Amino acid sequence: MSAWRTIRYRAEQEAERSAKKGIERMKWEDNIRKITPYTPGEQPNGRNVIKLNTNENPYPPAPGVADQLVMLNLDQMRLYPAFPEQTKLAEALAKHYQIQKDQLFIGVGSDDVLSLAFMTFFQSKRPVFFPDITYSFYDVWADLYRIPYETKALDENFCIRPEDYRQPNGGVVFPNPNAPTGVLMDLRQVEEIIEANRDVVVIVDEAYIDFGGISCLPLIRKYDNLLVVQTFSKSRSMAGMRIGYAMGNPKLIGYLNDVKYAVNSYTLNYAALQLGVEAVKDEAYFRENCDKIVTTRRHAEEALRRLGFVFPKSYGNFIFASHKVVEAREIFEKLKENDIYVRWWNKKGIDNYLRITIGTEEQMEALYRALEKICGQNSNLR
Ligand SMILES: *Cc1c(COP(=O)(O)O)cnc(C)c1O
């Protein structure tokens, strides 16, 4: 008997529930794929709000991106784009990371890359392991692709426990730093997990690695089962252009390409491929942009602590914070009344936490002023 918990697909449970409640369903609904989709943070439109809810970068992309934008060639838009790995973007990324182009896969944001990686690498009957508190897309993809999975509890300090990932499994995926906690696992522990799982693919989602963490990228030379995924959305200020990439052993990348070209060969569009190059080329701007976020994050730690918040040390462009007295939901709603958006999940274990994206210094000052009013006499508790 297998000791593994078999995850029942949430959508099927939902279907059962509505059947019990006697909600009428159409016949065709019996045989379609049903899924509970990922819920992104709100994108309030057309209002002048302070948006600290989706970990977007508050600063513009590198100046070269704007220059390149006006140079885009309309005639190129008539044509299908080149395969991403044959483009200047692949060259720029390979050069930046000092890897070969065949160690690189480029996709439409890292969500696209991760989704393809789930489809490609998680084909075992054994459950895929990931943390119970983590990027909320993982269980959505697992459900969608009918991948069995098992979540592993974080410890009381929101840390991943490498020893939990030692049992037989069908693959491992985790973000480092983790989302939405911001907690960074040290490289030795990351390697420990990879080392213990040589017979499956281990995906390390490094969406936030540029804000002070150390990438495990060099380990791709040592471990052919390691896939490192990164994105232009956070540290390169280009969430709207949808550029993500994965790095790994050429054989691993080859399998990813096979699935990708079987599904939809042309994905990244011509503009994204051109503009992405400029963001990678401007190393100085990139460093400066990340440094600004890290500095503001340090200021935010001080300010939030003064206001009565507690939080784990974050290595992302956000802080995952809980107030000692005032409930997260109340703060979340009152901030929204003040046109300040942060992220709150109505989910057991984290429902007294807010994930606050690091904005500009000015945006953060406005946040502290609002929090001062909301948490008021409950501040300065220490
Ligand atoms: C933001 C994020 C992503 C996805 O980023 P894309 O915009 O799709 O590149 C992936 N993983 C984690 C943990 C993230 O926070």
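Everything below is about the structure shown above.
Draft legend 1. Seen up close, the overall build of the protein chain. Within the protein chain, the regular secondary structure consists of 12 helices and 12 strands. For the protein chain, whose C-alpha radius of gyration is 22 Å, the value lies close to the compact-globule estimate of 21 Å for 382 residues. In terms of overall dimensions, the protein chain has C-alpha extents of about 60 × 60 × 50 Å along its principal axes. The buried share among the 382 residues of the protein chain stands at 52%. Surface accessibility of the protein chain: about 18,600 Å² in total, with carbon and sulfur atoms responsible for 50%. In the protein chain, 50 side chains carry a positive charge and 50 a negative one; their mean positions are 2 Å apart.

Draft legend 2. Focus on the pairing of strand S5 (residues 172-175). Because side chains alternate across S5, one face comprises the buried residues Val-172 and Phe-174, and the other comprises Val-173 and Pro-175, equally buried. Bridge count for S5 against strand S6 (residues 202-205) is 4 bridges, and the pairing is parallel. Bridge pairing links Val-173 to Ile-203 in S6. As a crossover connection, the stretch from S5 through helix H7 (residues 187-195) into S6 is right-handed.

Draft legend 3. Focus on the sheet that holds strand S12 (residues 354-357). Pairing within the open sheet is antiparallel, and its 3 strands lie in the order S9-S10-S12. The sheet terminates laterally at strand S9 (309-310) and S12, the two strands that pair on one side only. The strands that helix H10 (residues 283-306) touches are S9, strand S10 (318-323) and S12; relative to S10, the one it contacts most, it runs at about 5 degrees.

Draft legend 4. Focus on unusual backbone geometry. In the segment running from Asn-176 into Pro-177, the intervening peptide bond is cis, with an omega of -5 degrees. Following the sequence through the fold, Pro-177 ends up in the loop between S5 and H7. For the bond running from Ala-179 to Pro-180, omega is 0 degrees, close enough to zero to count as cis. Mapping Pro-180 onto the fold places it in the loop between S5 and H7. The backbone phi angle of Phe-158 is positive, close to 65 degrees, even though this residue is not glycine. Topologically, Phe-158 is positioned in the loop between strand S4 (149-152) and S5. Its identity as a non-glycine residue notwithstanding, Ser-237 has a phi of 60 degrees, on the positive side. Among the residues examined, Ser-237 registers a relative accessible area of 12% and is labelled buried.

Draft legend 5. Local environment of the environment of Ala-179. With respect to the secondary-structure elements, Ala-179 resides in the loop between S5 and H7. Measuring from C-alpha to C-alpha, the distance between Ala-179 and Asn-317 comes to 10 Å, with 138 residues separating the pair along the chain. Setting aside its immediate chain neighbours within four residues, Ala-179 contacts Ile-133, Thr-134, Tyr-135 and Tyr-208.

Draft legend 6. Representation of the side chain of Thr-360 in the model. Along the chain, Thr-360 falls in the loop between S12 and helix H12 (361-375). Leave out the neighbours within four places in its chain, and Thr-360 touches Pro-58, Tyr-59 and Thr-296.

Draft legend 7. Quick peek at H12. End to end, H12 covers 20 Å across 15 residues, agreeing with the expected 21 Å (1.5 Å per residue, within 8%). Taken as a whole, H12 has its buried residues at Met-364, Ala-366, Leu-367, Tyr-368, Ala-370, Leu-371, Ile-374 and Cys-375.

Draft legend 8. Structural context of the packing of helix H11 (residues 328-337) against H12. H12 packs onto H11 with a crossing angle of 125 degrees between their chain directions and a minimal axis gap of 10 Å. Regarding the angle of H11 to H12, the classification is oblique. For the pair H11 and H12, the crossing hand works out as right-handed. Taking contact as the criterion, the partners of Ile-331, Lys-334 and Leu-335 in H11 are, on H12, Leu-367, Ala-370, Leu-371, Ile-374 and Cys-375. Grouping the constituent residues of the contact of H11 with H12 by class yields 7 nonpolar, no polar and 1 charged.

Draft legend 9. A look at the nonpolar core. Counting 91 residues, the largest nonpolar core has Leu-89 and Leu-367 as its most contacted members. The contact partners of Leu-367, leaving out residues within four places of it in the chain, are Leu-52, Leu-335, Ile-340, Val-342 and Ile-356. Judged by nonpolar contacts, the second largest core, of 27 residues, contains Leu-116, Trp-141, Val-201 and Val-229.

Draft legend 10. Local environment of the pairing of S10. Of all the 6 residues making up S10, 6 are buried; the element is thus mostly covered by neighbouring parts of the structure. The sheet contact formed by S9 and S10 spans 2 bridges and is antiparallel. Looking across to S10, one finds that Val-310 is bridged to Ser-322. Bridge analysis of S10 against S12 gives 4 bridges, and the strand direction is antiparallel. When the sheet's bridge partners are listed, Ile-319 is paired in S12 with Ile-356.

Reading the values: the criteria
Residues numbered from 1 in each chain as written. Predicted model: local features only at pLDDT ≥ 70, side-chain atom pairs only at ≥ 80, totals over all residues. Heavy atoms only, no water. Helix = DSSP H or I, 4+ residues; strand = E, 2+ residues; numbered from the N terminus. Rg over C-alpha atoms; globule rule 2.2 N^0.38 Å. Buried < 20%, exposed > 50% of the residue type's maximum accessible area, 1.4 Å probe, protein only. Areas by Shrake-Rupley, 256 points an atom, 1.4 Å probe, with all protein chains shown as cover. Lys, Arg positive; Asp, Glu negative; His and termini not counted. Charge placed at Lys NZ, Arg CZ, Asp CG, Glu CD. Pairing = 2+ DSSP bridges. Right-handed = clockwise from strand over helix to strand, strands pointing away. Contact = heavy atoms within 4.5 Å. Axes fitted to C-alpha atoms, helices over the stretch in contact; angles between N-to-C directions. Expected span 1.5 Å × (residues − 1). Parallel < 35°, antiparallel > 145°, perpendicular 65-115°, else oblique. Left-handed = near helix turned anticlockwise from the far one by under 90°. Nonpolar A, V, L, I, M, F, W, Y, C, P; charged D, E, K, R; others polar. Core = buried A, V, L, I, M, F, W, Y, C linked by side-chain atoms within 4.5 Å.

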